[in-house]
Amino acid sequence: MASQISDKKRPKKTKKRSRVESVEFERINSLNWNPTLTEKDDAFSFLIGSNELEGGFLCLEEIDESEYNLGIAKSTGGSEEKGKTKPKKQKVYTKNEELNGEAKGESKEEIEEVEKETKQKKKKKKKKKDRINKDAVNEAEGNEESLAVTDGNDDQEQDSVDETEYYAWNELRLHPLLMKSIYALKFKEPTPIQKACIPAGAHQGKDVVGAAETGSGKTLAFGLPILQRLLEEREKAERQLPENGELDEKVASAGLLRALIITPTRELALQVTDHLKEAAKHSNFRVVPIVGGMSSEKQERLLKTRPEIVVGTPGRLWELMSGGETHLVELHSLSFFVLDEADRMIENGHFHELQSIVDMLPMGSKSTDDDSQKSQNSETVSSVQRKKRQTFVFSATIALSADFRKKLKRGSQKSKANDELNSIETLSERAGMRADAAIIDLTNASILANKLEESFIDCREEDKDGYLYYILSVHGQGRTIVFCTSIAALRHISSLLRILGVNVWTLHAQMQQRARLKAIERFRGHEHGILIATDVAARGLDIPGVRTVIHYQLPHSAEVYVHRSGRTARAHSDGCSIALITPNDTSKFAALCKSFSKDDFQRFPLEMSYMPEVMKRLSLARQIDKILRKDSQDKAKKNWLERSAELMELVLEDNDSEEERVNNHKRKKATSAQLTNLQEELKSLLSRPLQPKTFSKRYLAGAGVSPLLQNQLEELARLKNSNNSGDVKRKKMIVIGQDCVEPLQALRSAGPETKLNLKDMAEKRRDITELRRKRKETKKRLREQRRKQKKKLQGKE
Ligand SMILES: Nc1ncnc2c1ncn2[C@@H]1O[C@H](COP(=O)(O)OP(=O)(O)OP(=O)(O)O)[C@@H](O)[C@H]1O
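Treat the numbers as computed from the prediction; the structure is a model and nothing was measured.

What counts and what doesn't
- Residues numbered from 1 in each chain as written.
- Predicted model: local features only at pLDDT ≥ 70, side-chain atom pairs only at ≥ 80, totals over all residues.
- Heavy atoms only, no water.
- Helix = DSSP H or I, 4+ residues; strand = E, 2+ residues; numbered from the N terminus.
- Buried < 20%, exposed > 50% of the residue type's maximum accessible area, 1.4 Å probe, protein only.
- Contact = heavy atoms within 4.5 Å.
- Areas by Shrake-Rupley, 256 points an atom, 1.4 Å probe, with all protein chains shown as cover.
- Salt bridge = Lys/Arg side-chain N within 4 Å of Asp/Glu carboxyl O.
- UniProt positions renumbered as here; feature names shortened; annotations may be inferred.
- Core = buried A, V, L, I, M, F, W, Y, C linked by side-chain atoms within 4.5 Å.
- Patch = residues over 30% accessible without salt bridge, like charges linked within 9 Å, V, L, I, M, F, W, Y side chains within 5 Å.
- Lys, Arg positive; Asp, Glu negative; His and termini not counted.
- Charge placed at Lys NZ, Arg CZ, Asp CG, Glu CD.

On to the overall build of the protein chain, then. A tally of helices and strands in the protein chain yields 30 helices and 17 strands. Residues counted as buried form 49% of the 797 residues belonging to the protein chain. Of all intrachain contacts in the protein chain linking residues separated by at least 6 positions in sequence, the fraction that spans at least 24 positions is 78%. Total accessible area on the protein chain is roughly 40300 Å²; 50% of this is exposed by carbon and sulfur atoms.

So, in structure tokens, the structure goes:
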């Protein structure tokens, strides 16, 4: 309907509108995007409202609207049913239609009611402006009190904000409503990737390829430009309205899908949704996640609320799109297309669906007849808007991908030889990325996060469990994520650690989505939590306070290593990673180091005197685990047999002889007694703190060291170390209060002797190979000599 209106009138109005637009543009550009709302600038106050559709992990986990008061319209998703979710926007459009005399089926009373409501709103708006104005006056009069930035809907949010602390954001000219969110998030300054991407994405309207280290704020680097442009667009249309009284086509496009963000994992999609919701809190844009593992019907209901921004995983998105879900197939209005963790997207398991989604996007500037066909169905958005769709492609490891590395080096020039279909470059181009895209690569040579300290422990395969237990119990401070490559390994260590009394949560792809989210939520809620995860948790998960990442098994690629390690040392924090390296891993590890251009790696400092006690406990735990595993396997087998028999209506007969039954019974009893004994023994060991066999001269360690004693010992260590400054290597004393020292702290306190120079290592390896070759040659020569001598002797005879 809206397009019918504008189509008829457009030719006459174009000139006037473009003049009005240019005046408006000038005015908007001249606006100081300072969050101090003055009467003149405060055109947004009436838009401020709470986004009722709050998501978050738990909301989505349960996703039962009634439990979480989501207020999702159950039937048609019509605006009337949305309740409080988007009332203001909806009313504005109704009014617009009325002004254009095009409103259908609206009675006079309805129109009067709308007018009445609009008047009330204006009154409210004026009240708020007065209040803000008063604040501005206070400020102008030199009142030192910081301005309280409040949400338009409630006065409870009275956190006072000292805007001067946020001056670093000024140059980015973000919308006041976005600045309000930034104050609430307490992000004092933009991160470098945000600084680089916001001008290009938000003000120059460019496509952006962004590469920056893990945890560097990439989500807002694409999220803020999207919100900024949507806000500007809305504001412009709102301002235009009273002047020409005509319905703006972009305003009419609200309620259509404007931004589609695709992430490789469900958890990441939910997290990005949460992050964007926080940023969009005051702008009233709706952000909805569409991910697998949750009921499609419920997600379809979420889509009926017609969110402007959808964040999803390729599988579920494609499932709904190919099923013709209305909101998702109306892509003519899409102005932003984002590939987060783009390099992961082109890997197996994601690519097919993603390609199908990309192929559904209108072709932008390469618009074809086919597109114009589609646009006939599009009621509201002009082809100009379609051509302006922005594409954002982000990842921390994009620069590690061979084809993109080339592109990043070349700048925005187009690739000449790009035959590979499943490359990020091809995918971006198919998604409509323009040749003048801004390419922003802030990754350093090693790609790894700056504040990340890396280390390794070289050990035998059978000792890995022991070292893992050692780190978790001797240095059990802060959150830790232990990464495994296989689910079998994950099950093995989580079972052992639980027997050893270490509380762990697990996360892997075979878990139900609900359980996956619960595990993350619980891990997030525990200051010293331990999460054992496969690589589903490697990308994007943003959990504050993760201090240590342990690679129990090395990942298959350098990219995954970067992302795993990037779960720590995020935002402005530091952290460390520890890789457990067995002899089988050495070549893989060397290749990893090579891809990060790393010269030296640090050995994690171990206090070996703990190991006898560690191994004693571990041996008991392994025996207990074996018995419990066997028992549960037997039970599962029995249950399966019984169930199958029941299904087939058969009666199971016990064919065992009396003697066999007695023996079985005896065996069970003995196993049970053995289990009790082992458990008792382990319990008694666990009741005592883990103690080193002997106190080393260099390390003072032990459980239960009080903070006071810890301080005194540290002071002593400092004194001792400064007295022996000449011979630091031998005499340096480190104080370890068990459970008080984070792995990072232990790593930093360790002397330079733990540094392993990889060049030296490679040289040594070369020397050894050379030595072996020489030995082999000598042996061969000797053998040859002996053979000749033997022949000679035989000839003489
Ligand atoms: N300007 C900022 N100042 C402080 N913290 C910020 C800022 N921007 C984002 N953050 C915080 O930094 C953390 C990491 O952000 P984000 O998840 O966007 O990183 P990322 O670069 O996408 O990481 P990854 O590559 O691992 O996905 C988040 O907790 C986010 O809230």
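There is more to say, and it comes next.
Let's shift gears to the pattern of salt bridges. One pass over the structure, following the stated rule, counts 27 salt bridges. The residue R434 makes a salt bridge to D207 at a minimum N-O spacing of 2.9 Å. On the criterion of sequence distance, the pair formed by R434 in the loop between α19 (424–430) and β7 (438–441) and D207 in the loop between α7 (192–203) and β1 (208–211) is long-range, its members being 227 residues apart. Looking at D207, the relative accessible area reads 0%, which means it is buried. Measuring nitrogen to oxygen at the nearest pair gives 3.5 Å for the salt bridge that ties E462 to R460. Exposure remark for E462: the relative accessible area of 43% places this residue in the partly exposed category. According to the relative accessible area criterion, R460 is partly exposed, its value standing at 48%. Linked through salt bridges whose partners overlap, the residues forming this network are E453, R547, D574, E742 and R748.

For the rest of this paragraph, the subject is the UniProt feature "domain: DEAD-box RNA helicase Q" (unreviewed entry) in the protein chain. UniProt feature "domain: DEAD-box RNA helicase Q" (unreviewed entry): in the numbering of this structure it lies at residues 167–195. A helix fraction of 48% and a strand fraction of 0% characterise residues 167–195, whose end C-alpha atoms lie 13 Å from each other.

In terms of nonpolar packing, the biggest core is built from 47 residues, with W169, L174, L224, I226, I261 and I309 touching the most fellow members. Top element by residues in this core is helix α8 (residues 218–244). It accounts for eight residues. Those residues within four positions of L224 in sequence are excluded, and the remaining contacts are W169, L174, L178, I182, I198 and A279. Core analysis: the next-biggest nonpolar cluster, separate from the first, contains 45 residues, L490, I627, L675 and L747 among them.

Here the focus is a positive patch on the surface. Side chains of R772, R775, K776, K779, K780, R783 and R786 sit close together on the surface and give a patch of like positive charge. Checked against the element boundaries, K780 lands in helix α30 (residues 758–796). Overall, the relative accessible area of 56% leaves K780 in the exposed class.

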